[in-house]
Amino acid sequence: MSDTVSPEQKTQTNTTTYLLGHLRDYGLLFALIAIMLFFQVVTDGVLLKPVNITNLFLQNSYIIIMALGMLIVIVGGHIDLSVGSVMGFVGAFAAVMIVNLDVPVAITIPVCLVVGGLIGAAQGYWVAYWNIPSFIVTLAGMLVFRGLSLWLLEGQSVGPFPKSFQLLSTGFVPDIFGVDRPNVTALAVGVIAACAIVYLGMRKRARNMAYGIEDEPFSFFVVRNAIVAGALLFVIYKLSTFRGLPNVLVTMGLLTIVYAFVTEQTTIGRRVYALGGNVKAAKLSGIPTERLTFLTFVNMGVLAALAGLIFAARLNTATPKAGFAVELDVIAAVFIGGASMSGGVGKIVGAVIGAFIMGVMNNGMSIMGIGIDYQQVIKGLVLLAAVIFDVYNKQKQR
Amino acid sequence: MQTLLEMRDITKTFPGVKALDNVNLKVKEGEIHALVGENGAGKSTLMKVLSGVYPQGTYDGEIHYDGQVARFNGISDSENLGIIIIHQELALVPLLSIAENLFIGNECASKGVMNWPETYRRTEALLKKVGLREQPATPVDSLGVGKQQLVEIAKALSKDVRLLILDEPTAALSESDSQALLDLLLELKAEGVTSIIISHKLNEVRRVADTITVIRDGSTVSTLDAATEEITEDRIVRDMVGRDMSQRYPERERRAGDMLMEVENWNVWHPEHATRQMIKDINFHVRAGEVVGIAGLMGAGRTELAMSIFGRSYGQNTTGTVKLKGQPIDTSTVAAAIRSGLAYVTEDRKELGLVLEDTIQRNITLANLRDVSRSGVINEAEETKVAERYRKAMNIRTPSVFQKVMNLSGGNQQKVVLSKWLFAGPEVLILDEPTRGIDVGAKFEIYGIINELSAQGKGVVMISSEMPELLGMSDRIYVMNEGRFVGELDASDASQERIMSFIVTH
Ligand SMILES: Nc1ncnc2c1ncn2[C@@H]1O[C@H](COP(=O)(O)OP(=O)(O)OP(=O)(O)O)[C@@H](O)[C@H]1O
Ligand SMILES: [Mg+2]
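Residues numbered from 1 in each chain as written. Chains lettered and ligands numbered in written order. Predicted model: local features only at pLDDT ≥ 70, side-chain atom pairs only at ≥ 80, totals over all residues. Heavy atoms only, no water.

K.L.:
Explain the packing of aromatic side chains to me, and be specific about the residues and the numbers.
P.N.:
Working definition: an aromatic ring pair is given by the centre-to-centre distance plus the angle between the planes. As enumerated under the stated definition, the model contains 20 aromatic pairs over all chains in all. Judged by centre distance (5.1 Å) and plane angle (35 degrees), the rings of Tyr249 of chain B and Tyr447 of chain B are tilted. One end of the pair, Tyr249 of chain B, is in the loop between helix H8 (233-241) and strand S13 (259-269); the other, Tyr447 of chain B, is in helix H15 (residues 440-455), with 198 residues separating them in the sequence. Measuring from centroid to centroid gives 5.9 Å for Phe310 of chain B and Tyr344 of chain B, while their planes differ by 45 degrees, and the two rings are tilted. Here Phe310 of chain B is found in the loop between helix H9 (302-309) and strand S16 (316-324), whereas its partner Tyr344 of chain B is found in strand S18 (residues 342-345), with 34 residues between them in sequence. For Tyr344 of chain B, a relative accessible area of 1% puts it in the buried group. Just above the ring of Tyr273 of chain A sits the side chain of Arg362 of chain B; from NZ or CZ to the centre is 5.6 Å. (Phe/Tyr/Trp six-rings, centres within 6.5 Å; stacked < 30°, edge-to-face > 60°. Helix = DSSP H or I, 4+ residues; strand = E, 2+ residues; numbered from the N terminus. Buried < 20%, exposed > 50% of the residue type's maximum accessible area, 1.4 Å probe, protein only. Lys NZ or Arg CZ within 6 Å of the ring centre and 35° of its normal.)

So, in structure tokens, the structure goes:
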């Protein structure tokens, strides 16, 4: 072995090996962009119309929110199949509270989140402290909560909800500058976010340079950031010409930032990765592996509850079918985003992009009028392709 | 003798690392050829190239085997020519029986239906050949490592082996198991099997090898022929590390200070069989600055003792007290034990010590995230500094601390585990086989670190199956057998014989 590499070898490493080594990271982003461009063309520009972009967010928010929790569960080495049912159940629970029992919205929402947490705890308990495989526990949960929603709703749809509850999903952030079209608040948020992304990127790069470990060529860095910031500004601009920032987008954005921070920068996040990577080693390093596993499920439950509220608010009714098969979309999003089935690997941002890829495909194919039958086939194939790509990549790196 | 294998100018690079740089290796038919070199020198990589684990095209250079240019696209290609490799990590399926493991992928079956009588008959023949007295139906996970190693060899024999490659076969074996294995190699040699053996145990290498090739930093340094010259261990070491090493154990001023740790009336029962007592009424102590060795055979219960003390990680119904500086401490969970000042370096680094998918940096800080974070937020710059510090101090060979631990050589992985526990800042460090699979130079470094800890007034408990190491490093040695301490010796009057006599008479 020699760790001194000659200069000309070094430049070569920079471009080719770097791209090879990070194919997955770039690939995901470019896949999303390519898919969007594709649908933009085949739908004659409908995909990126302001109203459709707004719809995209409204339609996919609940999947993205659950993908955040699912990523953590999967990184921890488990899986949660019950999220679709839990989401439906909590929506039904909220409907019964608000519509049938006249409980105020301000009380219902926190109660529902707590219920979600308790459901997560009930399942996590068996997984964490009894070592029962999560696949089985949550498969049971999936059946139980599907049944309980039916029972709660007595097989009927319950609605409509009061306006204040609907705002959770269909509301928009008002323009504090009063211009409204374009929505200046949205634009301001967009510009600040874009600057923040570039700034944080530069800061990280500077730090890595100081340690001599930055291997991303400068040109790549510039192009990547230009694309990300540009895309962000573009989307925000489109939104601002319609009705501004949807409330769910704000919720989603904030949650994504918080979860990305927690998973990447905090001790608890670090411990979840270690737990998923090697439970025994984590345990012998003093990490309370059981409690941590338990908490990942509680967290998942709370997020599933939030997703359930948002979903019910958007449809303005709770139906017994709400959340049916949604767990599959959520899990697919996480795997498309690069998480590994065996745990320990995966990123929040990846899961969010994975969810967007699924969402754009759903939306684009619906606009094109492709039947639900073909949609399922295509989504399935995309998931398979993404995972094959992952495995192929890993083998090539050896 | 004619040349069976010649590897010419083999070069293999991984992203950022040149693992092999124009390596040449020539192996004669019917000999035992030893491959030695420091951790990360490229020994395992070279053997993976040879056996087709890294297929042709992923490296440069040529392999000539039996007079032909060999091009392997996978392991099965090399196996067809009789080249069988037994990897550093054993590759048996734990829940399957010996017979099933022997013929996995190569089953005696007609039209897909297993022929069990034939399988068992052939298994028995093979087991007899390797000198393993076990039933063919015994599940592999109920065997010790030594016997598992023999099963691996039997498996190789079942495939008509011509060239047998063993990557550190004796690293995890006890003295007597190692002897048996080496004898078997000599027997196979008499039957015409050529073998390549990688080992850090130079006395073994000297005993069996006809030719020794030394690799350093990815290149061949020398090839020594036992038939034409007298090869001393010092000579091998000099080629390996590139300088003379007159001493194997660094000097240390021995002084035992105040009482540091006391373990009293320690009893532990088997985690599954509540009636089986594994640790029986053990009492021992460690003084500040003392290095205490625990000797014993495999299965004496040394690891079980250590793990039960370290946060009750082994066994059930554990009773007894652990005191630190006279005060009883809480060791009921691993986290509590660490907080109280204990650290335990496991003997099984892959299974229990490391998160292989994670980077060196993340592994080093895992047991002590508190020191690189503030209110739960990790300071990555600080973390990198810590990791860099240990990379230098421990001489971990890697292009950067952001390398995945998975990609390190075995010995360098061990240094990462050690770094992790040193960073946890313990009062008492329990080391379980700390130098397993580690080269002579690195061993010396690790001994130096142990001495440094003792100079700082820390206590060190060292479990080791290598007697010379125990005798060379410890101030005091406890002898353990069948769950009990059966003797205690001061370093000054300890010897291999005396330790063994304690074991035999109890
Ligand atoms: N898959 C990989 N990716 C990157 N680097 C690797 C990979 N495999 C091995 N290396 C590097 O190649 C070098 C040689 O490793 P190798 O495992 O061959 O060493 P070794 O001589 O067998 O050492 P040991 O005695 O510790 O087992 C090491 O520096 C190691 O870090
Ligand atoms: Mg090796």
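So, next bit.
K.L.:
Explain helix H4 (residues 116-130) of chain B to me, using residue names and the numbers behind them.
P.N.:
An α-helical segment advances 3.6 residues per turn. Residues three or four places apart therefore align on the same side. Under the 1.5 Å per step criterion, the end-to-end length of H4 of chain B is 21 Å for 15 residues, consistent within 8% with the ideal 21 Å. Of the residues flanking the end of H4 of chain B, it is Gly131 of chain B, one or two places downstream, whose phi is positive at about 70 degrees. (Expected span 1.5 Å × (residues − 1).)

K.L.:
Please give an account of the site of ligand 1 that cites residues and values.
P.N.:
By nearness alone, 19 residues border ligand 1, and Gly40, Lys43, Ser44, Thr45 and His200 of chain B come closest of all. Ligand 1 is flanked by residues contributed from chains A and B. Within the backbone of Lys43 of chain B, a nitrogen or oxygen atom sits 2.8 Å from an oxygen atom of ligand 1. The separation between an oxygen atom of ligand 1 and a polar side-chain atom of Glu168 of chain B is 3.4 Å. In isolation ligand 1 has 640 Å² of accessible area, and contact with the protein removes 93% of it. Those elements that place two or more of their residues in the shell around ligand 1 are helix H1 (43-50) and helix H14 (410-423) of chain B. No other element matches H1 of chain B, which puts 3 residues into the shell around ligand 1. For the shell around ligand 1, a count of residues per class yields 5 nonpolar, 11 polar and 3 charged. (Near = heavy atom within 4 Å. Polar contact = N/O pair within 3.5 Å; in protein donor to acceptor, adjacent residues only side chain to side chain. Areas by Shrake-Rupley, 256 points an atom, 1.4 Å probe, with all protein chains shown as cover. Nonpolar A, V, L, I, M, F, W, Y, C, P; charged D, E, K, R; others polar.)

K.L.:
Please set out the side chain of Arg436 of chain B residue by residue, giving values where relevant.
P.N.:
Here Arg436 of chain B shows up in the loop between strand S21 (428-432) and H15. Setting aside its immediate chain neighbours within four residues, Arg436 of chain B contacts Ala171, Ala172, Met298, Glu347 and Arg349 of chain B. (Contact = heavy atoms within 4.5 Å.)

K.L.:
Tell me about the sheet that holds strand S22 (residues 459-463) of chain B, and name the residues and values.
P.N.:
All names here are of chain B. A sheet is described by the order of its strands in space; here 6 strands give the open sequence S18-S21-S22-S15-S23-S24, paired in mixed fashion. Both edges of this open sheet fall to S18 and strand S24 (484-490), since each of them pairs with a single strand only. Strand-to-strand twist in this sheet, taken as the mean axis angle between neighbours without regard to direction, amounts to 20 degrees. Along the sheet, H15 makes contact with strand S15 (291-295), S21 and S22, crossing S22 at roughly 145 degrees. (Pairing = 2+ DSSP bridges. Axes fitted to C-alpha atoms, helices over the stretch in contact; angles between N-to-C directions.)

K.L.:
Tell me about the nonpolar core, and name the residues and values.
P.N.:
Residues and elements named next belong to chain A. In this structure, Phe57, Tyr62, Met66, Met70, Leu71, Phe165 and Val334 are the most contacted members of the largest nonpolar core, which totals 103 residues. Broken down by element, the residue count for this core peaks at 17 residues, all from helix H3 (residues 50-75). Once residues lying within four places of it in the same chain are set aside, the contact partners of Tyr62 are Met87, Ala307, Phe311 and Val326. (Core = buried A, V, L, I, M, F, W, Y, C linked by side-chain atoms within 4.5 Å.)

K.L.:
Hey, could you go over unusual backbone geometry for me, with residue numbers and the actual values?
P.N.:
The linkage connecting Gly159 of chain A with the following residue, Pro160 of chain A, adopts the cis geometry, with an omega of -15 degrees. With respect to the element layout, Pro160 of chain A can be found in the loop between helix H6 (134-153) and helix H7 (163-170). At Asp9 of chain B, a position not held by glycine, the phi torsion is positive, near 50 degrees. In this fold, Asp9 of chain B is placed in strand S1 (residues 3-14). Of note, Asn317 of chain B is a non-glycine position whose phi angle comes to about 50 degrees, a positive value.

K.L.:
Just give me the short version of the packing of H3 of chain A against helix H11 (residues 267-277) of chain A, but keep the residues and values in it.
P.N.:
Residues and elements named next belong to chain A. Packing of H3 against H11 leaves a shortest axis separation of 8 Å and a crossing angle of 50 degrees. Between H3 and H11, the angle falls in the class oblique. Every residue of H11 that contacts H3 at Leu71, Ile72 and Val75 is listed here: Val272, Tyr273 and Gly276. The class makeup of the residues in the contact of H3 with H11 is 5 nonpolar, 1 polar and no charged. (Parallel < 35°, antiparallel > 145°, perpendicular 65-115°, else oblique.)

K.L.:
Explain the confidence of the model for chain A residue by residue, including any values.
P.N.:
Model confidence for chain A is summarised by a mean pLDDT of 88, while 93% of its residues fall at 70 or above. Low confidence marks residues 1-12 of chain A, where pLDDT is under 50. Its contacts with residues over four positions away, or in another chain, come to 16 contacts. (pLDDT = per-residue confidence, 0-100.)

K.L.:
Account for the confidence of the model for chain B, naming residues and giving values.
P.N.:
Scored by pLDDT, chain B comes out at a mean of 89, with 100% of its residues at no less than 70. Our summary of model confidence lists the complex with pTM equal to 0.85 and ipTM equal to 0.84.

K.L.:
Before we move on, could you go through the environment of Asn208 of chain A and cite the residues and values that matter?
P.N.:
Residue and element names in this part refer to chain A. Mapped onto the elements of the fold, Asn208 is located in helix H8 (residues 184-210). Look at Asn208 and you get buried, because its relative accessible area is 13%. Linking Asn208 and Trp130, residues 78 residues apart in sequence, is a C-alpha distance of 43 Å.

K.L.:
I'd like to hear about the pairing of S15 of chain B, residue by residue, with values.
P.N.:
Residues and elements named next belong to chain B. Within S15, 5 of the 5 residues are buried, which leaves the element mostly enclosed by the surrounding structure. Residues of S15 alternate between two faces, with Val291, Gly293 and Ala295 on one and Val292 and Ile294 on the opposite face, all of them buried. One ladder, built from 4 bridges, connects S15 with S22; its direction is parallel. Paired with Gly293 across the two strands is Met462, which belongs to S22. Direction of pairing for S15 relative to strand S23 (residues 476-481): parallel, over a ladder of 4 bridges. In the strand pairing of S23, Val292 is matched with Arg476.

K.L.:
Go over the pattern of salt bridges with me, naming the residues and quoting the values.
P.N.:
Side chains that differ in sign of charge can pair as their charged atoms come close. Residues and elements named next belong to chain B. This model, assessed by the stated rule, comprises 33 salt bridges over all chains. For Lys28, the salt bridge identified is with Asp225, shortest N-O distance 3.9 Å. Of this pair, Lys28 sits in strand S2 (residues 17-28) while Asp225 sits in strand S12 (residues 219-225), and the two are 197 residues apart along the sequence. Judged by its relative accessible area of 25%, Lys28 falls in the partly exposed class. With a shortest N-O distance of 2.6 Å, Arg207 and Asp183 are connected by a salt bridge. One end of the pair, Arg207, is in helix H7 (residues 202-208); the other, Asp183, is in helix H6 (residues 175-190), and 24 residues separate them in sequence. What emerges from the salt-bridge pattern is a single network uniting Glu6, Arg8 and Glu62. (Salt bridge = Lys/Arg side-chain N within 4 Å of Asp/Glu carboxyl O.)

K.L.:
Tell me what's going on with the interface of chain A and chain B, and back it up with residues and numbers.
P.N.:
Contact residues are listed per partner, giving 31 residues for chain A and 46 residues for chain B. Taking both sides of the interface into account, the surface hidden between chain A and chain B amounts to around 3200 Å²; carbon and sulfur atoms contribute 58%. On inspection of chain A and its partner chain B, the count reaches 2 salt bridges. Of the charged contacts in the structure, one is a salt bridge between Glu351 of chain B and Lys280 of chain A, with a shortest N-O distance of 3.1 Å. Our count for the chain A to chain B interface comes out at 8 residue pairs in polar contact (both at pLDDT 80 or more). Breaking the side of chain A that touches chain B down by element, the ones donating at least two residues are helix H1 (7-21), helix H10 (247-265), H11 and helix H12 (279-283) of chain A. For the side of chain A that touches chain B, the element with the highest residue contribution is H11 of chain A, accounting for 6 residues. For the side of chain A that touches chain B, the per-class residue count stands at 11 nonpolar, 11 polar and 9 charged. (Buried area = accessible area lost by both parts, 1.4 Å probe.)

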